[in-house]
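# Overview (structure and organization)
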Amino acid sequence: MKMFLDSANVDDVRALAAAGAIDGVTMNPALLARDKVILEDVLAMICELAGGPVSAPVRANEWEAIVREGRALAKVHERVVVKIPIHADGLRAIAKLHAEGIRTHATLCCSANHGLLAARAGADFVSPIVGRLEETGVSGLEVVAQMIEIYDNYEFDTQIMVASVRTPTHVQEAALLGADAVTMPRRLFEAIAHHPLAERVQSEFLAAWKRL
Ligand code: G3P
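Residues numbered from 1 in each chain as written. Predicted model: local features only at pLDDT ≥ 70, side-chain atom pairs only at ≥ 80, totals over all residues. Heavy atoms only, no water.

### Remarks on the overall build of the chain
Stated precisely, the cut-off is as follows: Comment: elements are numbered from the N terminus, with helices defined as DSSP H or I runs of at least four residues and strands as E runs of at least two. Values of the radius of gyration come from C-alpha atoms, whereas the globule rule sets the reference at 2.2 Å times the count of residues to the power 0.38. For every residue, the accessible area obtained with a 1.4 Å probe (protein chains only) is divided by the maximum for its type, and the residue is called buried under 20%, exposed over 50%, and partly exposed between those limits. Accessible surface area values rest on a Shrake-Rupley calculation with a 1.4 Å probe, where residue burial reflects the displayed protein chains alone.
Helix and strand counts for the chain stand at 11 helices and 8 strands. For 212 residues, the compact-globule estimate of 2.2 N^0.38 gives 17 Å, and the C-alpha radius of gyration of the chain, at 18 Å, lies within 12% of that figure. For the chain, the spread of C-alpha atoms along the three principal axes comes to 70 × 40 × 30 Å. Taken across its 212 residues, the chain has 45% of its residues classed as buried. Split by element, the accessible area of the chain, about 11100 Å² in all, is 53% carbon and sulfur.

### Digging into the site of the ligand
Rules: We call a residue near a molecule or strand when any one of its heavy atoms sits within 4 Å of it. Polar contacts here mean pairs of N or O atoms no more than 3.5 Å apart (in protein, one a potential hydrogen donor and the other a potential acceptor; neighbouring residues in sequence count only if both atoms are side-chain atoms). Amino acids are sorted into nonpolar (Ala, Val, Leu, Ile, Met, Phe, Trp, Tyr, Cys and Pro), charged (Asp, Glu, Lys and Arg) and polar (every other residue, Gly among them).
Near the ligand you find Asp6, Asn28, Lys83, Thr107, Ile129, Arg132, Ser164 and Arg166, and these make up its full shell. Aspartate 6 places a polar side-chain atom, nitrogen or oxygen, 3.2 Å from an oxygen atom of the ligand. Protein chains shield 86% of the accessible area of the ligand, which is 310 Å² for the free molecule. In the shell around the ligand, the residues fall into 1 nonpolar, 3 polar and 4 charged.

### Focus: the pairing of strand E1 (residues 2–6)
Quick note on the threshold: Strands were regarded as paired on the criterion that DSSP finds at least two bridges between them. A crossover counts as right-handed when, viewed with the strands pointing away from the observer, the path leading from the first strand over the helix to the second turns clockwise.
Bridge count for E1 against strand E8 (residues 181–184) is 4 bridges, and the pairing is parallel. Paired with methionine 3 across the two strands is valine 182, which belongs to E8. Taken together, the 3 bridges between E1 and strand E2 (residues 24–26) define a ladder with parallel strand orientation. Among the inter-strand pairings, phenylalanine 4 is bridged to a residue of E2, identified as glycine 24. Chirality of the crossover, the property in question, places the unit of E1, helix H1 (residues 10–18) and E2 among those that are right-handed.

### Regarding the layout of surface pockets
The following threshold applies: Think of a 1 Å grid over just the protein atoms. A cavity is a set of points where a 1.4 Å probe fits yet cannot get out, a pocket is an open set with protein on both sides within 12 Å along at least five of seven lines, and lining residues have an atom within 4 Å of a point. Grid points are joined across faces, edges and corners, and a volume is the space filled by probe spheres set on the points.
Counted as a void, the largest pocket has a volume near 650 Å³. Broken down by secondary-structure element, the contributors of at least two residues to the lining of the largest pocket are helix H2 (29–34), strand E4 (80–85), strand E5 (104–109) and helix H10 (186–193). When residues in the lining of the largest pocket are grouped by element, the largest group, 4 residues, is from H2. Of the residues in the lining of the largest pocket, the class split is 13 nonpolar, 6 polar and 9 charged. Volume-wise, the second largest pocket comes out at about 230 Å³. Residue lining of the second largest pocket: Pro29, Leu32, Val37, Ile38, Leu39, Glu40, Pro57, Val58, Arg59, Glu69 and Leu73, and that is the complete set. Only H2, helix H3 (39–50) and helix H4 (63–76) provide two or more residues apiece to the lining of the second largest pocket. Taken together, the residues that form the lining of the second largest pocket break down as 8 nonpolar, no polar and 3 charged.

### Details of the side chain of serine 127
The cut-off we apply is this: Residue contacts follow a heavy-atom distance rule, with two residues in contact if any of their heavy atoms lie within 4.5 Å.
Inspection of the secondary structure assignment puts serine 127 in strand E6 (residues 125–128). Non-local contacts of serine 127, meaning those with residues more than four positions away in its chain, are made with His105, Ala106, Thr107, Leu108, Cys109, Met161 and Ala163.

### Some details on unusual backbone geometry
A negative phi angle is the norm for most residues apart from glycine, just as the trans form is the norm for most peptide bonds. The phi dihedral of leucine 108 is positive, around 60°, even though this residue is not glycine. The class of leucine 108 is partly exposed, set by a relative accessible area of 43%.

As structure tokens, this is what we get:
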């Protein structure tokens, strides 16, 4: 399973890319606002650092404006993937950009039917928002499982990138289901690398080395 960093923070991208931990980067407007980052200021640099696809969100909400913005974003760097929310205009824009050979990432996928529509439109990636779904009482991982079954039924090429990941269990379950990718914040990369038992035994072994 590929692992993407969900961040607009250049330092986070640099650190995790240098560690060889990431296959690419995704961003959303809330992350840009949190770090007070202007997308156009950081996008080219993040693309250089990321080593893989970089999903850049569109601001526009109407299909022709999304298409114009998508074309402009795609010109910034060959790694850019245009990130577009799933709604009627978004799906129309995804289909248009796909026809032009511009890669897209359908986001805010809230159901298996959303996933079906994104794949039919030709999205390269689609992100079910697992954590946000669970906040509404829906099993986000069940939506992922349904999407995998539907994509297998029809041999869609769209990659399922599980997003809105909140816990290490989400990562593990996404991998067990066979999702293509997960995108998550830096803290989760760190959380899944640590285990209290491994750390306790390693402390014991380090002490043993000193006694030798
Ligand atoms: O693609 C949408 C995803 O980035 C949302 O993540 O953490 O705001 O729920 P989050």
